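Chain and residue survey
Now for the letters of each chain:
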Amino acid sequence: MACNVVVLISGSGSNLQALIDSAADDGNPARIAAVISNRADAYGLQRAQNAGIATVVLDHKQFDSREAFDAALIQAIDAHRPDLVVLAGFMRILTGDFVRHYQGRLLNIHPSLLPRYKGLHTHQRALEAGDAEHGCSVHFVTEELDGGPLVVQAVLPVAAGDTIETLAQRVHAEEHRIYPLAVRWFAEGRLRLGAQGAMLDGQPLPASGHLIRT
Ligand code: GRF
């Protein structure tokens, strides 16, 4: 049975593209029902249209409060009857009401090895700290920003000559591997949020999520 996915974006949508490409793979039950952006100029909207996917623009600046925007966002998302909602570079902090509404069916991707470097400027912070490893994480979203149970992390070594740009590029390439993987697991019914954290094939995942080393 198909798994309806709604993807939320604010920008380029390269993760969205990876999800579009992977949804076309043989036997993948994930079906991207709609792409919603809070910015009318997000390039990801073009990617969705090129793939024949419905798009919605909901400009947060048209709303008086975060609560009012999130309520309208819930309506726009639920019109597409999602089994899963995927945040793919959606640059908005979500209200508790929103997060609770999608409890267990809301995923995010973050460009660091969580719990390290929640928030912004993750590549710079990893470099400044002299970390030997960096990477990206897919996690279920809870009310704690970038703090929900981890599903999968891609770990890559930081090289001596790395800059913010080279690191960002390699992390991004890994994002395009692990996000489609996590979404497919969910669509296949293999990935669930249990009371104690993320579960894969009925077994609890480690606190770090499933680790992929490159
Ligand atoms: C990614 O780095 C993701 O980790 C972060 O936002 C960025 C989105 O990039 N949450 P793109 O729009 O998918 O290219």
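Small disclaimer: the values here were computed from a predicted structure and weren't measured.

Domain annotation for the chain reports domain 1 (1-102) and domain 2 (111-214). The distance between the C-alpha centroids of domain 1 and domain 2 comes to 20 Å. Each partner contributes to the interface: domain 1 provides 22 residues, whereas domain 2 provides 14 residues. Where domain 1 packs against domain 2, one counts one salt bridge. R100 serves as the salt-bridge partner of E143, at 2.7 Å between the closest nitrogen and oxygen. At the boundary of domain 1 with domain 2, the tally comes to seven residue pairs in polar contact (both at pLDDT 80 or more). Counting residues per element, the ones that place at least two in the side of domain 1 that touches domain 2 are β1 (3-9), α1 (14-23), β4 (84-87) and α4 (96-101). Among the elements that take part in the side of domain 1 that touches domain 2, α1 stands out by supplying five residues, more than any other. Partitioning the side of domain 1 that touches domain 2 into residue classes produces twelve nonpolar, six polar and four charged.

Right, let's talk about the layout of surface pockets for a bit. Quantified by volume, the largest pocket comes out at close to 920 Å³. As for the largest pocket, its lining consists of 38 residues, of which G89, F90, M91, I109 and H110 are closest to the centre. Counting residues per element, the ones that place at least two in the lining of the largest pocket are α1, α4, β5 (106-110), α5 (122-128) and α6 (164-187). In terms of residues, the lining of the largest pocket owes the most to one element, α6, which gives four residues.

So, on to the pattern of salt bridges. The final tally for this structure, using the stated rule, is twelve salt bridges. In this structure, the salt-bridge partner of D59 is K61, at a minimum N-O distance of 3.5 Å. Its relative accessible area of 62% is what places K61 among the exposed residues. Where E188 meets R184, a salt bridge forms, and the shortest distance between an N and an O atom there is 2.8 Å. R184 sits in the partly exposed class, given a relative accessible area of 24%. Connected through salt bridges with shared partners, the residues R184, E188, R190 and D201 form a single ionic network.

Analysis parameters
- Counting starts from 1 at the beginning of each chain's written sequence and moves along it residue by residue.
- Totals for whole chains, interfaces and linings use all residues, but because this is a predicted model, local features are given only for residues with pLDDT of at least 70 and pairs of side-chain atoms are given and counted only at 80 or more.
- Hydrogens are left out, water is left out, and the side-chain values use all remaining heavy atoms of the structure.
- These domain limits were set by an automatic method or by a database of domain assignments.
- It only takes one pair of heavy atoms within 4.5 Å for two residues to be counted as in contact.
- Throughout this description, the term salt bridge denotes a Lys or Arg side-chain nitrogen within 4 Å of a carboxyl oxygen of Asp or Glu.
- Under this definition, polar contacts are N or O atom pairs within 3.5 Å; protein pairs additionally need one hydrogen-donor-capable and one acceptor-capable atom, and for neighbouring residues in sequence, both atoms have to be side-chain atoms.
- Under the DSSP-based scheme used, a helix requires at least four consecutive residues in state H or I and a strand at least two consecutive residues in state E, with every element numbered from the N terminus.
- Any residue outside Ala, Val, Leu, Ile, Met, Phe, Trp, Tyr, Cys, Pro, Asp, Glu, Lys and Arg is labelled polar, Gly included; the first ten of those are nonpolar and the last four are charged.
- Both site types are read off a 1 Å grid over the protein atoms alone. A 1.4 Å probe that fits but cannot get out defines a cavity, while an open set with protein on both sides within 12 Å along at least five of seven lines defines a pocket; lining residues have an atom within 4 Å of a point.
- Grid points are joined across faces, edges and corners, and a volume is the space filled by probe spheres set on the points.
- Any residue under 20% of the maximum accessible area for its type is buried, any over 50% is exposed, and the rest in between are partly exposed; the area is computed with a 1.4 Å probe on protein chains only.

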